[in-house]
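This is what each chain is made of:
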Amino acid sequence: MFKDILGNDAIKASLIRLNAGGRVPNAMIFSGADGVGKKLFAFELARIFACSELVNGEACGACSACRRIGPIELPESTDKNKDKFARVFFGEHLDVGMAAAYKRFILVDAIRDLEAQSRYKPYEARARTFVVDDADRMNDAASNALLKTLEEPAETSRIVLVTSRPAALLPTIRSRCQTFRFAPVGRGELERYLIEKRSLDTADAGLAASVSEGSVGTALTLDLPDLRERRLRLVNVLKAAFEARDVVGLLRTSELLNEAKNKDNLEAELKMLLTLVRDAWLIAATGTHENIVHADIAADLSAIASGTDARCLARAMDEIETLRAGFAVNVNRKVGTDNLFLKMAA
Ligand SMILES: [Zn+2]
């Protein structure tokens, strides 16, 4: 049932309402960041079409049809299994299929198979559902094949294009679909979910929820011990900058962060640094720990805040944002990080 999926309540309500009125569009785009539940929603919609015991317009989750429908497990694409990806994948329910990318692109044959499958009447459901995962990975041939299907949709099939990059779809495809935009899940809601359903303790749940930016998928796959270690290194940067004014130590950390093996993480590090500085700024500005992200290390952050003032911390946040923007236009990362740390210590 939708209540078991986190977030985006307006989309849940809208899909249930559309279905009750028999007005679910033939083709839909579910767009939004990775890990916010787009695919889960698509399969939940498929259950609504197949469920034999609807409850208030929702799939019951318990009947034979519901139990057979859920995200379809796919093999990894390898040099040997291209033929598998040239077709629609089916799980245990024959009215629910999914096309997915073979390596970088969705094969045109997979879309042609989807076209053919969408012409068949449902075996047992009220409508057949076809999900195109990472739909932005259709090349021109696949896109044009899909366009043909969208131009003359089959009455008893529904197509859901799942994508985190809707702008990469052909405009002609977008104009023939109704788009549902998925929002990130709220931090508090995600935190409660991690504690109640995934048995994380409060500190882990708080950390996971704060760094995953509303993506449940990301929150569930984080390496928390590694994350804590990286965070500690950044807390030490702030201590060196605002307490010890340890320029040598700061330049050494900048060097470390820019080493080849860490380079790809630099943006993520700066993002986390920003959340730490913002917390210290909140503490300096309000004198309380309310609303801070890294509540489990509030004592460290208080110590940092007391070594400086809200104005300096606000300036540091600006500097971090400027550096992050600079990365997009190829500012030298090592020089940029050096400068940032030195400015914070000044
Ligand atoms: Zn059911």
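Now for a look at the structure at hand. Since this is a predicted model, take the numbers as computed values, not measurements. (Residues numbered from 1 in each chain as written. Predicted model: local features only at pLDDT ≥ 70, side-chain atom pairs only at ≥ 80, totals over all residues. Heavy atoms only, no water.)

Observations regarding the coordination of the zinc ion
The zinc ion binds to the protein through Cys51 (SG), Cys60 (SG), Cys63 (SG) and Cys66 (SG), with metal-donor distances spanning 2.3 Å. The coordination sphere of the zinc ion comprises four donor atoms, whose angles at the metal cover 103 to 118 degrees; the geometry is tetrahedral. Here the donor residues of the zinc ion are spaced in sequence according to C-x8-C-x2-C-x2-C. Summarising the burial analysis for this pair, Cys51 and Cys60 share the class buried. (Donors = N, O, S within 2.8 Å, 3.2 Å for Na, K, Ca; no water. Tetrahedral: all angles 85-135°; square planar, octahedral: opposite > 155°, others 65-115°. Buried < 20%, exposed > 50% of the residue type's maximum accessible area, 1.4 Å probe, protein only.)

Looking at the packing of aromatic side chains
The final tally for this structure, using the stated rule, is seven aromatic pairs. With a centroid separation of 5.2 Å and an interplanar angle of 40 degrees, the aromatic rings of Phe2 and Phe41 are classed as tilted. Taken together, the positions of Phe2 in the segment before helix H1 (9–20) and Phe41 in helix H2 (residues 38–50) put the pair 39 residues apart, joining distant regions of the chain. For Phe2, a relative accessible area of 1% gives the class buried. Overall, Phe41 belongs to the buried group, its relative accessible area being 0%. Through a chain of ring-to-ring contacts, the aromatic side chains of Phe2, Phe30, Phe41, Phe180 and Phe182 assemble into a single cluster. Positioned above the aromatic ring of Phe327 is the side chain of Arg333, whose terminal nitrogen or guanidinium carbon lies 4.4 Å from the ring centre. (Phe/Tyr/Trp six-rings, centres within 6.5 Å; stacked < 30°, edge-to-face > 60°. Helix = DSSP H or I, 4+ residues; strand = E, 2+ residues; numbered from the N terminus. Lys NZ or Arg CZ within 6 Å of the ring centre and 35° of its normal.)

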